[in-house]
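One letter stands for each residue in the lines below.
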Amino acid sequence: MDVVRFYSNIIKRNMDKPEKINKLINFGLTTAYYYVSIFKDKRGPNSLHYLTKYCIKSIKDSLENPQNSAWVNIFSPCEFLIALDIKPLFIEAYSSFMSGFFIEDYLIDTAESRGIANTLCSYHKTFIGANELKILKKPEFMLTTSSICDANVPTFRYLSKKQNVPLYIIDVPYKYSKEAVAYVKNQLIEMVENLEEVFKRKLDLDKLREVVKIENKTRTLINKYLNYLKEKTLLVPMTFEMYMLFASHIFIGSKEMLKFYEMLLDDIKNAPPRSGKSIFFVHLLPIFEKNFQDYFNFSNKFHIAGSDLNFDYLDEIDEKDPFRGIAEKLILNTFNGEMERKVTRIRELIEKIKPDGIIQFCHLGCKQSIGGTFIIKDLATKMGIPFLYLDGDCVDKRNNQVGQNRTRLEAFLEML
């Protein structure tokens, strides 16, 4: 019996009882946490075990403490939340977990039945569906940015209005300039004033500087880890690369994520020399797509050589003036602004990692990703690296053409 699917059927049968659903989801997350704590997957490295536990716990903690939680998107500057001891819940992760529970279809159908466009990203539709069914408890604050994802602003405005919760949108200019940095810095200062008012606590600037200091140490480890990827191999599942978004984005600056990268660096140092074929992923990994699971999870024949999303900012942040430093980070993120900035970073990563192939899984609803596909394909051609792009959905499993994907993926891997 598939226990997860059996459990998801129980959840689906009770969708009209939000309190019960909330308890079932919480019970499922608690069970998952203790399961991975007790039954360590011996195929993977210690850092995978540590990060998996952390990710489950962080989602669980945010859901259990809505009075001390803020809903954010993956590019939100969460250093301020960490310094203020506020728990961020990022909607992309929540939706992925709901897909893991096999209830994303019900939540997406709910959102669309309430008037949400079917062309909206399924990460957003899943979250909105959970909100419509009142499964999600009202947070105290919402925070997002204008950068990269064109669904962020309308989704958060919709959620804020529905929940009657204050929202702060950081408008991030495309181009870097002194004026742009000052513009974003002033918004960050205003945003913190809003947080202080809502949560009734003051930001300790020294604590924020400490968060940034830890983030800089963490990023040093990320750069060291990158240098090993061309010669070493870690056997991991695709979820590992996606779990790393917790570490490289939302919770970077926390002591726990510094510890994770210390463990990861030890693991990669002690890993065997690279063998088989390595694949670099652009943007997202389809962790629920069966073909990809079959070929890449814990595989020593085809292994994952990173994703550009985990390396979208690799520089230090100004510790003396963290508001200015974080403003620069937001503007200079390689996913912000012109496509050429993202392409330049991918070229740098490819030159460093030297993968055998590149795959871009074009997540439906993500227009910036799909729009840049052929520019990245041209880059791969110039660099002499095989490139494959596939259309599909990282959350809504109904949108994946499994048969077609298998044919094209197998042909690509055989070519390598």
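First, a word on what this report is: a plain description of the structure on this page. (Residues numbered from 1 in each chain as written. Predicted model: local features only at pLDDT ≥ 70, side-chain atom pairs only at ≥ 80, totals over all residues. Heavy atoms only, no water.)

**Regarding the pairing of strand β7 (residues 357-363)**
Worth spelling out the cut-off: Relative accessibility under 20% of the residue-type maximum defines a buried residue, over 50% an exposed one, and the middle range a partly exposed one, all with a 1.4 Å probe and only protein chains included. Each helix is a run of DSSP H or I of at least 4 residues and each strand a run of E of at least 2, with the numbering of both proceeding from the N terminus. Any two strands with at least two DSSP bridges between them are considered paired.
Of all seven residues that make up β7, seven are buried, and the element is covered over most of its length. Of the two faces of β7, the one holding Gly357, Ile359, Phe361 and His363 and the one holding Ile358, Gln360 and Cys362 are both buried throughout. Sheet analysis places β7 next to strand β8 (residues 387-392), joined by six bridges and oriented parallel. Bridged to Ile359 within β8 is Leu388.

**Overview of the nonpolar core**
Here is the rule: By convention a nonpolar core is built from buried Ala, Val, Leu, Ile, Met, Phe, Trp, Tyr and Cys residues, the set being connected through side-chain atoms within 4.5 Å.
Core analysis: the largest hydrophobic core is formed by 143 residues, its most contacted members being Ile25, Phe80, Tyr94, Leu188, Phe260 and Phe296. Looking at this core, the element that brings in the most residues is helix α11 (residues 238-250), giving nine residues.

**So, the pattern of salt bridges**
Heads up, the rule is: Salt bridges, as used here, are contacts in which a Lys or Arg side-chain nitrogen is within 4 Å of a carboxyl oxygen on Asp or Glu.
Summed over all chains, the structure comprises 23 salt bridges. One salt bridge in this structure joins Glu112 and Lys125, with 2.8 Å as the shortest N-O distance. Linking Glu112 in helix α6 (residues 104-113) with Lys125 in helix α7 (residues 122-132), this pair joins segments that are 13 residues apart in sequence. When its relative accessible area of 30% is taken as the criterion, Glu112 is described as partly exposed. Residue Lys329 pairs with Glu215 through a salt bridge whose shortest N-O separation is 2.9 Å. On the criterion of sequence distance, the pair formed by Lys329 in helix α14 (residues 322-332) and Glu215 in helix α10 (residues 205-228) is long-range, its members being 114 residues apart. With a relative accessible area of 0%, Glu215 lands in the buried category. The network of salt bridges with shared partners includes Glu79, Glu215, Arg219 and Lys329.

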